[in-house]
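Examination of the molecular architecture
For reference, the chains in residue letters:
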Amino acid sequence: MAEAAATEKSGKVVIKNIGLMISGDIDRPVLDADTIVVQDGLIVAFGKEKDCDTAQADTIVDAHGTCVCPGLIDSHVHPVFGDWTPRQNQLGWIESTLHGGVTTMISAGEVHLPGRPKDVVGVKALAITAQRAFDNFRPGGVKVLAGAPVIEKGMTEEDFKEMAEAGVKLLGEVGLGSVKAGEEAQRMVAWARKYGIQSTIHTGGPSIPGSGLIDKDVVLEADADIIGHINGGHTALPEAHVCELCEKSSRGIEIVHNGNEKIAIAAAHAAIELKCPHRIILGTDGPAGSGAQPLGILRMIALLSSLGNIPAELVFCFATGNTARMRNLNCGLIELGRTADFVFLDKAQHSAGRTLFESVQLGDIPGVGMVMIDGLVRIGRSRNTPPATEIPQVIKSRTH
């Protein structure tokens with residue numbers, strides 16, 4: 001799929017006959033509503049059709065009783081340039097992930113770039129370049145928030161100030177570069193936070209040559225905003241240490257596809273028992289040695305719901321509203337003024353579950369029938385998920 005034009009406007013869009021509406025808000029995951037109205041890419045109304053102004057729509061989508069959920073957010077990816085990853089020498093992985101319902105991706109560092117610079121000038125130049133490039137390039141319409149420098153020894157507070165002023169808003173995984181010690185990492189994380197740059201720390205055993213073990217004590221001392229892949233990427237810390245991180249830190253608890261599944265469930269249970277499920281966010285940590293996972297977020301939702309016995313409606317919020325709030329994004333929630341990024345879902349054909357939620361709780365991934373970004377339909381029925389039982393239909397579309 002070609003690059004999407006970020007300036008294209010949706011006009012007025014009406015989505016009606018919604019059978020199930022997931023809000024993304026973990027405190028109120030399901031809304032009593034069947035209609036959404038969008039104007040130029042933003043949600044302007046939702047509720048019962050009789051209570052919404054649906055007149056003079058440029059586009060009308062009949063959801064045919066399917067579920068509308070905020071577009072899924074992958075909190076942990078490693079892009080390089082364009083829609084290519086040298087990690088698996090694969091083209092089109094971002095656009096393929098769109099077919100898994102993901103509308104936003106967040107970089108945890110462009111670490112797989114061949115010859116990635118590790119001097120301070122090069123680190124800053126790469127971060128600014130990646131931020132600019134992905135701000136201008138959206139494969140299939142997917143929003144990739146990139147430009148996440150991997151911090152190296154020798155960086156000063158002025159370097160973080162310079163990057164922030166240039167538009168850099170993320171740090172790559174702390175620990176993938178030469179800065180690994182808790183005290184040194186803590187100082188740089190604090191500088192980043194001072195200038196509005198959000199940080200993520202590698203957790204667990206080494207993932208690529210040059211990385212190393214980041215144990216619970218380093219994670220706690222560094223105090224990054226996100227405990228990156230708390231279930232390891234791939235190798236996890238002992239379960240007791242992971243539970244201790246959940247208890248002693250107040251930061252984001254990121255669970256990823258490319259990690260230890262047993263520890264993923266343990267971390268989610270720990271957060272729920274500590275009454276802080278709003279801290280759980282989901283990522284894939286791909287592309288990686290195990291590949292790129294177009295359905296990685298859906299698979300994590302099914303894993304945590306089925307084997308973790310967590311209600312499906314809550315797990316969908318881990319991958320949407322939780323991440324949006326923690327990452328300060330204007331998507332991930334069905335609220336007035338939020339970006340109209342939606343995935344239309346239904347139970348997979350012939351699933352043993354009678355409903356979408358029941359099918360997910362039985363371990364089946366749902367079928368994606370349509371994905372909308374900024375109020376514009378980007379794809380119809382997914383080529384990657386099993387076919388949905390019902391699919392939405394565009395019954396009116398403006399002519400361009």
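Our subject in this report is the structure included herewith. For clarity, every value in this text was computed on a predicted model and none was experimentally measured.

Glancing now at the environment of Ser397. With respect to the helices and strands, Ser397 occurs in strand E20 (residues 393–397). In this structure the C-alpha to C-alpha distance between Ser397 and Val61, which are 336 residues apart in sequence, comes to 8.7 Å. Setting aside residues up to four positions removed in sequence, Ser397 forms contacts with Asp58 and Thr59.

This part covers the packing of helix H7 (residues 261–273) against helix H8 (residues 296–306). Across the interface, H7 lies against H8 with an axial gap of 10 Å and an inter-helix angle of 65°. One element, H7, and the other, H8, form an angle in the roughly perpendicular class. For the crossing formed where H7 meets H8, the hand is right-handed. Residue-level inspection shows Glu261, Ala264, Ile265 and Ala268 of H7 in contact with H8, the latter providing Met300, Leu303 and Leu304. Broken down by class, the residue content of the contact of H7 with H8 amounts to six nonpolar, no polar and one charged.

Glancing now at the layout of surface pockets. Approximately 610 Å³ is the volume attributed to the largest pocket. Lining the largest pocket are 23 residues, with Asp135, Val144, Leu145, Lys169 and Leu329 positioned closest to its centre. Contributions of two or more residues to the lining of the largest pocket are made by strand E11 (102–107), helix H2 (120–136) and strand E12 (143–145). Here the residues of the lining of the largest pocket are counted per class, giving nine nonpolar, nine polar and five charged. Empty space within the second largest pocket amounts to approximately 160 Å³.

We now examine the pattern of salt bridges. Overall, the coordinates contain 27 salt bridges when judged by the stated rule. One salt bridge connects Arg138 with Asp374, and the closest N-O pair in it is separated by 2.8 Å. Of this pair, Arg138 sits in the loop between H2 and E12 while Asp374 sits in the loop between strand E18 (367–373) and strand E19 (376–379); the two residues are 236 residues apart in sequence, bridging distant segments of the chain. For the pair Arg138 and Asp374, a shared accessibility class is recorded, and that class is buried. Linking Lys216 and Glu244 is a salt bridge whose minimum nitrogen-to-oxygen distance equals 3.4 Å. Taken as a pair, Lys216 in helix H5 (residues 216–222) and Glu244 in helix H6 (residues 239–248) lie far apart in primary sequence, 28 residues in all. Glu244 matches Lys216 in its accessibility class, with the two residues each being buried.

What follows deals with the sheet that holds strand E16 (residues 280–283). If you trace the four strands from one edge of the open sheet to the other, you get E13-E14-E15-E16, paired in parallel fashion. Of all strands in the sheet, those bounded by a partner on one side alone are strand E13 (200–201) and E16. Across two bridges, the pairing between strand E14 (residues 226–227) and strand E15 (residues 252–256) is parallel. The residue of E15 that forms the bridge with Ile226 is Gly252. Along the sheet face, H7 touches E15 and E16 and points at about 155° away from the line of E15.

About the cut-offs
Residue positions within a chain follow its written sequence, with the count starting from 1. Owing to the predicted nature of the model, reporting of local features is limited to residues with pLDDT of at least 70; listing and counting of side-chain atom pairs is limited to 80 or more, with chain, interface and lining totals taken over all residues. Where side-chain values are given, they derive from all heavy atoms of the structure, hydrogens and water being excluded. Secondary structure elements follow DSSP: runs of H or I of four or more residues count as helices, runs of E of two or more count as strands, with numbering from the N terminus. A contact between two residues is defined here by any heavy atoms of the two lying within 4.5 Å. To obtain an axis, a line is fitted to C-alpha atoms, over the contacting stretch when the element is a helix, and the angle between two such axes runs from 0 to 180 degrees between their N-to-C directions. For this classification, under 35 degrees means roughly parallel, over 145 means roughly antiparallel, 65 to 115 means roughly perpendicular, and everything else is oblique. Crossings are assigned a handedness: left-handed for a near helix turned anticlockwise from the far helix by less than a right angle, right-handed for a clockwise turn. Three residue categories are used. Nonpolar comprises Ala, Val, Leu, Ile, Met, Phe, Trp, Tyr, Cys and Pro, charged comprises Asp, Glu, Lys and Arg, and polar comprises the others, including Gly. Buriedness for pockets is judged along seven lines, at least five of which must meet protein on both sides within 12 Å for an open set on the 1 Å grid over protein atoms alone, while cavities are sets there where a 1.4 Å probe fits but cannot get out, and lining residues have an atom within 4 Å of a point. Grid points are joined across faces, edges and corners, and a volume is the space filled by probe spheres set on the points. Each reported salt bridge corresponds to a side-chain nitrogen of Lys or Arg within 4 Å of a carboxyl oxygen of Asp or Glu. Burial classification: accessible surface area is computed with a 1.4 Å probe over protein chains only, and a residue below 20% of its type maximum counts as buried, one above 50% as exposed, and the rest as partly exposed. What makes two strands pair is DSSP finding at least two bridges between them.

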